[in-house]
Amino acid sequence: MKSETVLRFEHVRFTYPGHQTPALDELTLALPRGQRVVILGHNGAGKSSLFLHCNGILRPDAGRVLFHEEPIDYSRRGLLDLRRRIGVVFQDADDQLFSASVLQDLSFGPLNLGLSDAEARRRVYVAAEQCDLRHLLDRPTHALSGGEKARAALAGVLAMDPEVLLVDEPTASLDPLMRRQVFTIFQDLSEQGKTIILATHELELARHWADFIVVMHGGRVIGAGARTQIMADQQLLARIGMDRPWYEPFMASEEYAPANVPCTGQGDS
Ligand SMILES: Nc1ncnc2c1ncn2[C@@H]1O[C@H](COP(=O)(O)OP(=O)(O)O)[C@@H](O)[C@H]1O
Ligand SMILES: [Mg+2]
């Protein structure tokens, strides 16, 4: 049965081996199903560590993670099933791409699901089309640009057709045109009822895209709720220095605004 909460964290604590400070510290959180969720926080807040717990790559030292209110089953079979349903696009595409060519990389997941060759191929071509990779299918993955790698990593996850899609720092290596394309994909998936969860340090992305926002700081959740509620909470945003734009102290005053600055060229000497 599908619950209203798709992923739940209960008092999760996790420290990377050999480190003293926990990356996730008593983290408790419920993520709503079928919504557009943004996990917002600065570098080091614990967003990527949270993601890696969602598909069982990392396992809590204490506390537990539940998917549709069932504790994650960390057996081999359990993890295989979980990763079929929860797709994570890593922050660094190089962590995701490991096959010789883009085609092989995109095919790996669907073939691993035990789909027929024909169905696997269909999924791969749809995902490649969505991510504008059709012309790059034979390209070795190491010979892709940063943006192409990011799209290949996303396509590999889309080809698995997961019900929950987590994308870590989706805007990082994409130019504005590609961002628009990728967010169109997120929009389509969202309209199909899938849960899309993005991690970012960009307040504007949370403000304009999310239905539900989670604010992380120091491995903890310091706020979570509907976008309007979180965006109206100046005190909360001030705790992470996001109550005003970082560039505000440097903003040009009106008389120096570009429109009033004479252009160089004729008549300008
Ligand atoms: N592989 C790792 N080994 C050791 N420490 C790590 C590793 N990955 C992240 N950390 C640490 O865990 C904390 C949370 O990091 P991370 O989850 O990457 O945050 P975010 O994604 O929000 O930037 C940070 O202090 C970071 O230095
Ligand atoms: Mg990160």
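Below or above, wherever it landed, is the structure these notes cover. (Residues numbered from 1 in each chain as written. Chains lettered and ligands numbered in written order. Predicted model: local features only at pLDDT ≥ 70, side-chain atom pairs only at ≥ 80, totals over all residues. Heavy atoms only, no water.)

1. So, the packing of helix H3 (residues 102-112) against helix H4 (residues 117-130)
How two helices sit against one another is set out by the angle between their axes and by the gap between those axes.
Then step 1. At a minimum axis distance of 9 Å, the contact between H3 and H4 shows a crossing angle of 130°. One way to sum up the angle between H3 and H4 is to call them oblique. When you trace H3 past H4, the crossing you get is right-handed. Residue-level inspection shows Leu103, Leu106, Ser107, Pro110 and Leu111 of H3 in contact with H4, the latter providing Asp117, Ala120, Val124, Tyr125 and Ala128.
Then step 2. Of the residues belonging to the contact of H3 with H4, the class tally is eight nonpolar, one polar and one charged. (Axes fitted to C-alpha atoms, helices over the stretch in contact; angles between N-to-C directions. Helix = DSSP H or I, 4+ residues; strand = E, 2+ residues; numbered from the N terminus. Parallel < 35°, antiparallel > 145°, perpendicular 65-115°, else oblique. Left-handed = near helix turned anticlockwise from the far one by under 90°. Contact = heavy atoms within 4.5 Å. Nonpolar A, V, L, I, M, F, W, Y, C, P; charged D, E, K, R; others polar.)

2. Digging into the site of ligand 1
Then step 1. All residues in the neighbourhood of ligand 1 are listed as Tyr16, His19, Ala23, His42, Asn43, Gly44, Ala45, Gly46, Lys47, Ser48 and Ser49.
Then step 2. In the environment of ligand 1, an oxygen atom lies 3.2 Å from a nitrogen or oxygen atom belonging to the backbone of Ala45.
Then step 3. Contacts to ligand 1 include Ser48, whose backbone N or O atom sits 2.9 Å from an oxygen atom. (Near = heavy atom within 4 Å. Polar contact = N/O pair within 3.5 Å; in protein donor to acceptor, adjacent residues only side chain to side chain.)

3. Digging into the packing of aromatic side chains
Then step 1. Under the definition given, this model contains six aromatic pairs.
Then step 2. Ring centres of Phe183 and Trp209 lie 6.0 Å apart, and the angle between their planes is 85°; on these two criteria the pair is classed as edge-to-face. Note that Phe183 is positioned in helix H6 (residues 176-191) and Trp209 in helix H7 (residues 203-209), a separation of 26 residues in sequence.
Then step 3. Where Phe186 meets Trp209, the ring centres are 6.4 Å apart and the plane angle is 65°; that geometry is what we call edge-to-face. Remark: Trp209 occurs in helix H7 and Phe186 occurs in helix H6; sequence separation between them is 23 residues. (Phe/Tyr/Trp six-rings, centres within 6.5 Å; stacked < 30°, edge-to-face > 60°.)

4. Focus: the layout of surface pockets
Then step 1. The calculated volume of the largest pocket comes to roughly 660 Å³.
Then step 2. Lining the largest pocket are 27 residues, and of these Arg83, Phe108, Gly109, Asn112 and Met160 sit closest to its centre.
Then step 3. Top contributing element to the lining of the largest pocket by residue count: helix H2 (residues 76-85), with six residues.
Then step 4. Residues belonging to the lining of the largest pocket are distributed by class as follows: 15 nonpolar, six polar and six charged.
Then step 5. In this structure, the second largest pocket occupies an estimated 320 Å³ of space.
Then step 6. If you go around the second largest pocket, you meet 16 residues; those closest to its centre are Leu203, Glu204, Arg244, Pro245 and Trp246.
Then step 7. Contributing elements (two or more residues each) for the lining of the second largest pocket: H7 and helix H9 (234-239).
Then step 8. Of all the elements, H7 adds the most residues to the lining of the second largest pocket, at three residues.
Then step 9. Grouping the amino acids of the lining of the second largest pocket by side-chain chemistry returns seven nonpolar, four polar and five charged. (1 Å grid on protein atoms, 1.4 Å probe; cavity = no way out; pocket = protein on both sides within 12 Å on 5 of 7 lines; lining within 4 Å. Points joined across faces, edges and corners; volume = space filled by probe spheres on them.)

5. A look at the nonpolar core
Then step 1. In this structure, Leu154, Leu158, Leu165, Phe186, Leu198, Trp209 and Ile213 are the most contacted members of the largest nonpolar core, which totals 48 residues.
Then step 2. Once residues lying within four places of it in the same chain are set aside, the contact partners of Leu154 are Val89, Cys131, Leu165, Val167, Val182, Ile185 and Phe186.
Then step 3. Membership of the second largest hydrophobic core comes to 32 residues, among which are Leu29, Cys54, Leu58 and Leu79. (Core = buried A, V, L, I, M, F, W, Y, C linked by side-chain atoms within 4.5 Å. Buried < 20%, exposed > 50% of the residue type's maximum accessible area, 1.4 Å probe, protein only.)

6. Notes on the coordination of the magnesium ion (ligand 2)
Then step 1. For the magnesium ion (ligand 2), the protein coordination sphere consists of Ser48 (OG) and Gln91 (OE1), at 2.1 to 2.2 Å. Note that Ser48 is positioned in helix H1 (residues 47-54) and Gln91 in the loop between strand E6 (86-89) and H3, a separation of 43 residues in sequence.
Then step 2. The class for Gln91 is partly exposed, based on a relative accessible area of 45%. (Donors = N, O, S within 2.8 Å, 3.2 Å for Na, K, Ca; no water.)

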